[in-house]
Number of protein chains: 4
Amino acid sequence: MTELAAVRAALKTQAVETPSWAYGNSGTRFKVFAQAGVPRTPQEKLDDAARVHAFTGVAPTVALHIPWDRVEDYAALARYAEDRGVRLGAINSNTFQDDDYRLGSICHPDAAVRRKAVDHLLECVDIMDATGSRDLKLWFADGTNYPGQDDVRARQDRLAEGLAEVYERLGDDQRMLLEYKFFEPAFYTTDVPDWGTAYAHCLKLGEKAQVVVDTGHHAPGTNIEFIVATLLREGKLGGFDFNSRFYADDDLMVGAADPFQLFRIMYEVVRGGGFTPEVAFMLDQCHNIEAKIPAIIRSVMNVQEATAKALLVDRAALAGAQASGDVLGANAVLMDAYDTDVRPLLREVREEMGLDPDPLAAYARSGWAERIVAERVGGEQAGWGA
Amino acid sequence: MTELAAVRAALKTQAVETPSWAYGNSGTRFKVFAQAGVPRTPQEKLDDAARVHAFTGVAPTVALHIPWDRVEDYAALARYAEDRGVRLGAINSNTFQDDDYRLGSICHPDAAVRRKAVDHLLECVDIMDATGSRDLKLWFADGTNYPGQDDVRARQDRLAEGLAEVYERLGDDQRMLLEYKFFEPAFYTTDVPDWGTAYAHCLKLGEKAQVVVDTGHHAPGTNIEFIVATLLREGKLGGFDFNSRFYADDDLMVGAADPFQLFRIMYEVVRGGGFTPEVAFMLDQCHNIEAKIPAIIRSVMNVQEATAKALLVDRAALAGAQASGDVLGANAVLMDAYDTDVRPLLREVREEMGLDPDPLAAYARSGWAERIVAERVGGEQAGWGA
Amino acid sequence: MTELAAVRAALKTQAVETPSWAYGNSGTRFKVFAQAGVPRTPQEKLDDAARVHAFTGVAPTVALHIPWDRVEDYAALARYAEDRGVRLGAINSNTFQDDDYRLGSICHPDAAVRRKAVDHLLECVDIMDATGSRDLKLWFADGTNYPGQDDVRARQDRLAEGLAEVYERLGDDQRMLLEYKFFEPAFYTTDVPDWGTAYAHCLKLGEKAQVVVDTGHHAPGTNIEFIVATLLREGKLGGFDFNSRFYADDDLMVGAADPFQLFRIMYEVVRGGGFTPEVAFMLDQCHNIEAKIPAIIRSVMNVQEATAKALLVDRAALAGAQASGDVLGANAVLMDAYDTDVRPLLREVREEMGLDPDPLAAYARSGWAERIVAERVGGEQAGWGA
Amino acid sequence: MTELAAVRAALKTQAVETPSWAYGNSGTRFKVFAQAGVPRTPQEKLDDAARVHAFTGVAPTVALHIPWDRVEDYAALARYAEDRGVRLGAINSNTFQDDDYRLGSICHPDAAVRRKAVDHLLECVDIMDATGSRDLKLWFADGTNYPGQDDVRARQDRLAEGLAEVYERLGDDQRMLLEYKFFEPAFYTTDVPDWGTAYAHCLKLGEKAQVVVDTGHHAPGTNIEFIVATLLREGKLGGFDFNSRFYADDDLMVGAADPFQLFRIMYEVVRGGGFTPEVAFMLDQCHNIEAKIPAIIRSVMNVQEATAKALLVDRAALAGAQASGDVLGANAVLMDAYDTDVRPLLREVREEMGLDPDPLAAYARSGWAERIVAERVGGEQAGWGA
């Protein structure tokens, strides 16, 4: 197989998980702008996600958020997804929207609140059993707003205790993905603020605990691809929550703010052996002002393009330049791949997969956007609160 | 009058405006935690604000947010305030919560939306006529989320045009305070992102247009006191929106995150001749998880303490050390004032003003917190949406 | 002329000024790594700069730094340059390397030091008269390291006074370009820290005073293209100091850290009518570890590529999408130009200009690198100190 | 013993190590301003350090930097120190100032350079044997400036290998302190950029490898006290390099930029059981423009004041407020200690220790400053290069 053929083959195996909540309404603390046609039920979210997969071919799974996607019968929901050509993916816990969680959840000073939070996480594992999901994705809004508000270290003890209980509950084929975040919604301390903290906890928990990297959850200037390379080296990279940002956790379409960074991240993934199913590639975005389904299609395509460029890097030439200390030469090898317009290649890949070469145009022609606006009338639109 | 007496006298003239919306519920995009006893009407907000003034003696005015504080009869609202010992202060416009404002307000690509936004600003001036308010405070959520989304420069033209129309409407004793903000809720461009942009617009508008500095609206590392000194030198500092932050626009209690910075800001205010009624000292905060009225009292006290320290700087000694290039000596003069515990001084000032020396304890003893929880039952709690 | 022909024509008119100091040694506070073959005299710097222009065709001028490039006879130096196919460009002042400048130069508390600094600036204008340079580029290392060290506002007064004296000295065809910088080498205050400060001073000075944007001199997260658009709108953009950065003022090759940002900047230049000789496009970089001449060639090419992409934006389609509020569509128009591989186009442009399509390969083949290593033996290598 | 007596007793046990290099010249990449009277030899640095200890009573040890402090006979140097009332402290390695280290040291792509770097580290352990130093402090300037320049992950492998060899060489009572740094002098990747990376390496190395926190080495907004609390919880906090910063690694006097942050750090130290000799409290600063010895005295005093405030926190009251979820109450307990003016307490402590209550005034009166200016004539002043 030629090298280009290998790149094509690899691109066909790509899998980007889309998040159920991205199909619903979202916004900022200032305003949530509702959009016509937004899903009202978990099933309608799956309908939309199935469209994304139908047109891109590389978005086969859908992440759920509990309780936003709570249903009576999860096995039925899984079948509903499969009937539409997609599968259920990671289960995302939510321990930040009950009034009880004002001062935290799993790290709360009150043991009763911690109990409630852990019980929710255990429920999520129950759901995983029903859906066949492999990954429990944990992000905690826990933290403090004011110096002194709570004991920083005691909160770590509580966190460790809660995580351990949930870890014990995991089945043999299940994993816990621990997400870190620099700040927000807490403004002074965050209980899992950086990859180091997530890593330290996962290390103690065991092999089924892995770190997840949300590309919007870092301090200004952080070199994310370094973290990716390091976690892969440590065997602790469980997956990504992809999105992009200019300032804070802006949750824009992945690749929209800094496509070069996304390419560098994907290069480290490829170089570090992370382009495998063991690393979950998920989107976690908000489409506050733009149309949601096309935004998600575009995001999937952005990941594809970055991946294609990463796969195109001439690694032998790169290694040679690096070994000889040729700074400009090595940089040029990397940039040559980045500067390549991979859109023609991806159009070919899609055609080989039996897809329209232009997913966005195909979606636009499909009439789906008009149909959901017409049909999804009444009921309550899905959003972060539901 | 001795110097210390002059400091005491100055402290008694201090006026910190509290914002009506800080008495209501607020939160992050993840969750608004409602609090018992929160006001349900503009009048109840004024009741609470009057308590803050009663216990601190230096919070005589209350800023309104339109439409959150819309009432039938603003003159009556002004009398309501005066009956309780406070006055109405700045009128804050709100052009970010209608569905029409998804892509901006005064900078929106559609002229009809711009018209609506300008009309709202003109309505705010009408309200100022009725309330006797001097200042129209303008903050725009306008901006874009994605490169290319709109024409950056055309938006400036629209902004200038809208501001000019509102400026023309101002009465002789009225001012327009233009606020800038680094980012949020827009994530790629913000139409008034920095003091330079606000300054350039105000300069063209005329003397009644002034810049307002929100202490949470800057890029990481920005030297805010430099901006304060510069705007005072240019005669363009209209006022402050005080709050504090560790990361983004966290809107924590002023002085909570970096009390030394607050002191340095107040020092430049004092040094630059800005400790006068021409500069409006306002709070603009969110008390998402802490009790609101005590948080506001504490914030007012934090401003007092920073002011007291700024007034205590031995300016003759400082000038001498600065002139002689004595880096450590000059720094030491400033730090000597900062390191001073001014709480005893402020207790004395309060006693001289006929107040309890400990406003927080006095508020706690007053029973107000219990009373509002008991009485404010039913109705709709005030928040950012109402 | 077709649109593509217009793009080609525009690209042939491009002029990127290279800085004499980038050909010499540079480093960090930790270490300056000397490179073999580095110039020892201003003339040798011009020799190198001539090579860059010879291979790129778009680097016709060279900026000087006084006193680093001080010579007896500037007219002779200008002829030396012209004999080699390049011209002398902006004169850069240097008021940061004398012991007298420990506490500042033009803002120093001591009038004698200020006098010395202003005299240096006046000397630079004398040099401009001799070299025929149009632009005096002013960057001041002035600032303070500790709160209280000096009077922030008084320093602004001194700055204004010094600039005014220099401005008066300018000839009819000469300009003053005032550069701002967020921080470094001063760590608490910088006397011209942001575009707003530079703009305010330039506005008072008059039309011949313009702001220069160094792409590495901003706070984290700053939207530089917004500043570019704003300064063009105000008629106050005098030029650029191009380089790139990940963290602080890293002075890496322009386009190396965030090529998408460079494209966005060039787009605002084009859109705002700034792609004219009135805006000076200059490099200001350090090649601490990489070979200097190829790094500068690469940088010039990076600017070319960003410019080509900016020129390729379908502005009619963009305006249409923007006007209709089509967020994704408008973004897609911009991204379509960015994602285009413009290297084939630029190779054609170079061939039409009679140049080798691959400047780096042509330079490598030219033997210049080996020649200067062989010939430039003995003497003192140029660097920031000489 | 009353609580206040316990605080006094604790303060008398404090030990802040001063760095030999802070007594020499330092600067930025733009300029090193030499100061009269600066030491010319390691012995003269010890003379100055002895003055700092003589006047503060809490600076008993001095860190060395190899090769800057290379001498023939380290045992003799140790005796020299003891004769003057101080002891030699940590040995700091320096693998960034040889030309060989242009592309790194212990992570360099060339095995020969790595060998040289490791040999230097082994030499440092030899020196420790001679000086009786406990700690080897490792900071690496290693990293890359351009994407692709070198293989990020391979560099980690090389780092691990080099560290392991040095670790094996440590004696039973010796430790390795691994320092991390966000950026500078490398601008794209840094090989130990954050605490997580340092922690992961130390964990694998073993108990004698510990992380050192330089307070200036973090991304903007990083919560350093959280890291301190976490490392103490993990048993991996080896020490501090104290300094302060507004922007990057400014290396200003500790406590000068954000005294509240220093207090919060010291609070977590005290709360986490880190106020013991097992945690090394060291200064690592540059006094570029201010007088060096008084700056170091001031820095030691700043650490003392922050420590005193941290010790004064009413931990029982704090725990109570935290447990009850009283956000404002808990914050108030912490702030009460911070707002206390501890200078009178420290004056008393000094008097009890037989010291002048005002170290800076006592130093000024001592005539030392004048003496070293008069005596240290000729020779080469110490600086970062020597």
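Everything numeric here is computed off the predicted structure, so don't read it as measured data. (Residues numbered from 1 in each chain as written. Chains lettered and ligands numbered in written order. Predicted model: local features only at pLDDT ≥ 70, side-chain atom pairs only at ≥ 80, totals over all residues. Heavy atoms only, no water.)

A. The sheet that holds strand β2 (residues 61-66) of chain B, seen in detail. Residue and element names in this part refer to chain B. In space, the eight strands of this open sheet follow the order β1-β2-β3-β4-β6-β8-β9-β10, with parallel pairing throughout. The sheet is open, and its two edges are formed by β1 (18-19) and β10 (280-283), each paired on a single side. Examined bridge by bridge, strand β3 (residues 87-93) and strand β4 (residues 135-138) share two bridges and lie parallel to one another. Each residue of the ladder has a partner; that of I91, found in β4, is L136. Helix-sheet contacts for helix α8 (residues 259-271) involve β9 (237-242) and β10, and the interaxial angle to β9 is about 160°. (Pairing = 2+ DSSP bridges. Helix = DSSP H or I, 4+ residues; strand = E, 2+ residues; numbered from the N terminus. Contact = heavy atoms within 4.5 Å. Axes fitted to C-alpha atoms, helices over the stretch in contact; angles between N-to-C directions.)

B. Representation of the interface of chain A and chain D within the structure. Between chain A and chain D, the contact holds 54 residues from the first and 54 residues from the second. When chain A packs against chain D, the two sides together hide about 4400 Å² of surface, and 57% of this comes from carbon and sulfur. Of all residues in chain A, R153, F226 and R233 of chain A give up the largest surface area on contact with chain D, accounting jointly for 18% of the area buried on that side. At the junction of chain A with chain D, the criterion picks out six salt bridges. D157 of chain D is paired through a salt bridge with R233 of chain A; the nearest N and O atoms lie 2.6 Å apart. On inspection of chain A and its partner chain D, the count reaches 22 residue pairs in polar contact (both at pLDDT 80 or more). (Buried area = accessible area lost by both parts, 1.4 Å probe. Salt bridge = Lys/Arg side-chain N within 4 Å of Asp/Glu carboxyl O. Polar contact = N/O pair within 3.5 Å; in protein donor to acceptor, adjacent residues only side chain to side chain.)

C. Expanded view of the packing of aromatic side chains. Tallying each qualifying case throughout the model produces 86 aromatic pairs over all chains. Measuring from centroid to centroid gives 6.0 Å for F55 of chain A and Y363 of chain A, while their planes differ by 80°, and the two rings are edge-to-face. Taken as a pair, F55 of chain A in helix α2 (residues 42-56) and Y363 of chain A in helix α13 (residues 359-366) lie far apart in primary sequence, 308 residues in all. For F55 of chain A, a relative accessible area of 14% corresponds to the buried category. Ring geometry for F183 of chain C against Y247 of chain D: centres 4.7 Å apart, planes inclined by 10°, an arrangement best described as stacked. Of the two residues, F183 of chain C sits in the loop between β6 (175-179) and β7 (189-190) while Y247 of chain D sits in the loop between β9 (237-242) and α8 (259-271), which places them in two different chains. Clustering of aromatic rings is evident, with ring pairs tying together F182, F183, F187 and Y188 of chain A together with F246 and Y247 of chain B. Over the aromatic face of Y338 of chain B sits the side chain of K309 of chain B, whose NZ or CZ is 4.4 Å from the ring centroid. (Phe/Tyr/Trp six-rings, centres within 6.5 Å; stacked < 30°, edge-to-face > 60°. Buried < 20%, exposed > 50% of the residue type's maximum accessible area, 1.4 Å probe, protein only. Lys NZ or Arg CZ within 6 Å of the ring centre and 35° of its normal.)

D. Seen up close, the confidence of the model for chain A. On average, residues of chain A score 97 in pLDDT, and 99% of them are at 70 or above. Scored by ipTM, the complex comes to 0.97, with pTM at 0.98. (pLDDT = per-residue confidence, 0-100.)

E. Examining the pairing of β9 of chain D more closely. Residue and element names in this part refer to chain D. Within β9, six of the six residues are buried, which leaves it mostly tucked inside the rest of the structure. By the bridge criterion, four bridges tie strand β8 (residues 209-214) to β9 in an arrangement that is parallel. Bridged to V213 within β9 is F240. This β-α-β element, β8 to helix α7 (residues 224-233) to β9, shows right-handed connectivity. In terms of strand pairing, β9 meets strand β10 (residues 280-283) through four bridges, oriented parallel. When the sheet's bridge partners are listed, F240 is paired in β10 with F281. Viewed along the sheet, the connection from β9 through α8 into β10 turns out right-handed. (Right-handed = clockwise from strand over helix to strand, strands pointing away.)

F. Local environment of helix α3 (residues 74-83) of chain C. Residue and element names in this part refer to chain C. Among all positions of α3, only Y74, L77, A78 and A81 are buried. An end-on view of α3 places all buried positions within 100° of arc, on one side of the element. In this structure, the buried residues of α3 make contact with α2 (42-56), β2 (61-65), β3 (87-92) and α4 (111-131). If you check the start of α3, you find a side-chain oxygen 3.1 Å away from the backbone N of A75, and it comes from D73. With its phi angle positive at about 90°, G85 sits one or two positions after the end of α3. (Arc of directions from axis to C-beta.)

G. Local environment of the pattern of salt bridges. The final tally for this structure, using the stated rule, is 151 salt bridges over all chains. Residue R29 of chain C is joined to D249 of chain D by a salt bridge in which the shortest nitrogen-to-oxygen separation is 2.8 Å. Pair noted here: R29 of chain C is in the loop between β1 (18-19) and α2 and D249 of chain D is in the loop between β9 and α8, and the two residues belong to different chains. Like R29 of chain C, the residue D249 of chain D is buried in the burial classification. For E123 of chain C, the salt bridge is made with R70 of chain C, and the minimal N-O distance between the two is 2.9 Å. On the criterion of sequence distance, the pair formed by E123 of chain C in helix α4 and R70 of chain C in the loop between β2 and α3 is long-range, its members being 53 residues apart. Residues participating in the shared-partner salt-bridge network are R29 of chain A together with K181, E184, D249 and D251 of chain B.

H. Representation of the nonpolar core in the model. In terms of nonpolar packing, the biggest core is built from 389 residues, with F240 of chain A, F240 of chain B, F240 of chain C together with F240 of chain D touching the most fellow members. Beyond its immediate stretch of four places on either side in the chain, F240 of chain B contacts V212, V213, T215, V228, I265, V269, V279, A280, F281 and M282 of chain B. Of all hydrophobic cores here, the second largest spans 72 residues; its members include F182, L252, A256 and I289 of chain D. (Core = buried A, V, L, I, M, F, W, Y, C linked by side-chain atoms within 4.5 Å.)

I. Expanded view of the relation of the copies chain A and chain C. Superposing chain A onto chain C takes a rotation of 180° plus a shift of 0.0 Å along the axis, which leaves an RMSD of 0.0 Å. Both copies of the chain, as the preceding transformation shows, are related through a two-fold rotation axis. Closest to the rotation axis within chain A is the C-alpha of D341 of chain A, separated from it by 2.7 Å. Comparing interface residues between copies, 100% of those in chain A also lie at the interface in chain C; the contact surface is shared. (Least-squares fit on C-alpha atoms with pLDDT ≥ 70 in both.)

J. Fine view of unusual backbone geometry. The omega torsion across I66 of chain B and P67 of chain B is 20°, close enough to zero to call that bond cis. Mapped onto the secondary structure, P67 of chain B falls in the loop between β2 and α3 (74-83). The step from E184 of chain C to P185 of chain C runs through a cis peptide bond, and the omega angle for that step is 10°. Its identity as a non-glycine residue notwithstanding, D251 of chain C has a phi of 55°, on the positive side. Locating D251 of chain C in the fold gives a position in the loop between β9 (237-242) and α8 (259-271). Phi is positive for E184 of chain D, which is not a glycine, with a value near 80°. Mapped onto the fold, E184 of chain D is located in the loop between β6 (175-179) and β7 (189-190). Owing to a relative accessible area of 15%, E184 of chain D belongs among the buried residues under this scheme.

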